[in-house]
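# An overview of the molecular structure
The chain contents come next:
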Amino acid sequence: MQDAVNEIDAIQASLLRALASPQRLRLLHLLGDRPKEVNELARELELGQATVSQHLAAMRGVGLVEANRDGRSVRYRLTDPEILVACDLMRQVIGRRLSALGSLAAAAGYAPADPGANAQTSPPSSSTQVTHP
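Residues numbered from 1 in each chain as written. Predicted model: local features only at pLDDT ≥ 70, side-chain atom pairs only at ≥ 80, totals over all residues. Heavy atoms only, no water.

### Quick look at the overall build of the protein chain
Our working definition: Every helix listed is a DSSP run of H or I at least four residues long, and every strand listed is a run of E at least two residues long, numbered separately from the N terminus. In this scheme, a residue with accessible area under 20% of its type's maximum is buried, one over 50% is exposed, and one in between is partly exposed, where area comes from a 1.4 Å probe on protein chains only. What makes two residues a contact is simply this: any of their non-hydrogen atoms within 4.5 Å. Areas reported as accessible are Shrake-Rupley estimates using a 1.4 Å probe. Residue values count occlusion only from the protein chains shown.
For the protein chain, the count of helices and strands is five helices and three strands. In the protein chain, the succession of helices and strands from N to C terminus is α-α-β-α-α-β-β-α. Out of the 133 residues in the protein chain, the part that is buried amounts to 20%. A sequence separation of at least 24 residues applies to 42% of the contacts in the protein chain between residues at least 6 apart. For the protein chain, the exposed area adds up to about 9700 Å²; of that, 54% sits on carbon and sulfur atoms.

Structure follows, in structure tokens:
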């Protein structure tokens, strides 16, 4: 049983490494809409086709996407759309973490508690203010 758990952990780590790129995450979200060709994805991401192809190859290698050939055209699609659910869950975790850090920063005087207020980049200081003519 431990061997199976170790294997699953290794597969998960491999999949997460493949997702450790903002461009690949954007690719996932773009492919969540519908299958697309490399040139369409490259245009939407404002990247070269070769770069997008390399990202797609890495994602294919871990089973996140698959290619379907239709004559000369190749469309890529997600192998399991539930990966977007996992990504959304991670974004929720990140949002909660950022909120907690923002509250901590506000309590320490580094940022306003009200997101609409003007942000401070450093804590309040007692130094004199310099004015420029």
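Alright, that's what it looks like, and here's the rest.
### Description of unusual backbone geometry
In the Ramachandran plot, Glu46 falls in the positive-phi region, its phi being about 55° despite a non-glycine side chain. Under the relative-accessibility criterion, Glu46 is labelled exposed at 74%.

### Some thoughts on the pairing of strand β3 (residues 73–78)
Cut-off, in case you're wondering: For two strands to be treated as a pair, DSSP must find no fewer than two bridges joining them.
Looking at chain direction, strand β1 (residues 36–37) and β3 are connected through two bridges and run antiparallel. Paired with Lys36 across the strands is Tyr76, a residue of β3. Note: strand β2 (residues 65–70) against β3, six bridges, orientation antiparallel. By the bridge assignment for β3, Glu66 is matched with Arg77.

### Points about the confidence of the model for the protein chain
The following threshold applies: pLDDT expresses, on a scale from 0 to 100, how confident the predictor is about each individual residue.
The share of residues in the protein chain with pLDDT of 70 or more is 83%, and the mean pLDDT across the chain is 86. Confidence over residues 119–133 falls short of pLDDT 50; this stretch has 11 contacts with residues more than four positions distant or in other chains.

### Structural notes on the pattern of salt bridges
Stated formally: Just to be clear on terms, a salt bridge is a Lys or Arg side-chain nitrogen sitting within 4 Å of an Asp or Glu carboxyl oxygen.
The final tally for this structure, using the stated rule, is four salt bridges. In this structure, the salt-bridge partner of Arg34 is Glu40, at a minimum N-O distance of 2.3 Å. Classification of Glu40 by relative accessible area gives buried; the value is 13%. A salt bridge links Glu44 to Lys36, with the shortest nitrogen-to-oxygen separation between them at 3.1 Å.

### Some remarks on the packing of helix α3 (residues 38–45) against helix α4 (residues 49–61)
Packed helices, taken two at a time, are described by the angle between their axes plus the distance between the axes. The test is simple: The axes used here are C-alpha line fits, helices contributing only the stretch in contact, and every angle between their N-to-C directions lies in the interval 0 to 180 degrees. Here roughly perpendicular refers to angles of 65 to 115 degrees, roughly parallel to angles under 35, roughly antiparallel to angles over 145, and oblique to all remaining angles.
Interhelical geometry of α3 versus α4 gives an angle of 110° and a closest axis separation of 9 Å. As far as their axial angle goes, α4 and α3 are roughly perpendicular. Of the residues in α4, those touching α3 at Val38, Asn39, Leu41, Ala42 and Leu45 are Gln49, Val52, Ser53 and Leu56.

### Section: the environment of Gly48
Along the chain, Gly48 falls in the loop between α3 and α4. Looking at Gly48, the relative accessible area reads 39%, which means it is partly exposed. For the pair Gly48 and Val38, spaced 10 residues apart in the sequence, the C-alpha separation amounts to 9.4 Å.

### Focus: the sheet that holds β1
As a general point, the strands of a sheet are linked pairwise by backbone hydrogen bonds and lie either parallel or antiparallel. Here three strands make up an open sheet; going across it, the order is β1-β3-β2 and the pairing antiparallel. One side of each edge strand has no neighbouring strand; the edge strands of this open sheet are β1 and β2. Sheet strands in contact with α4 are β2 and β3, and its direction is about 115° off that of β2.

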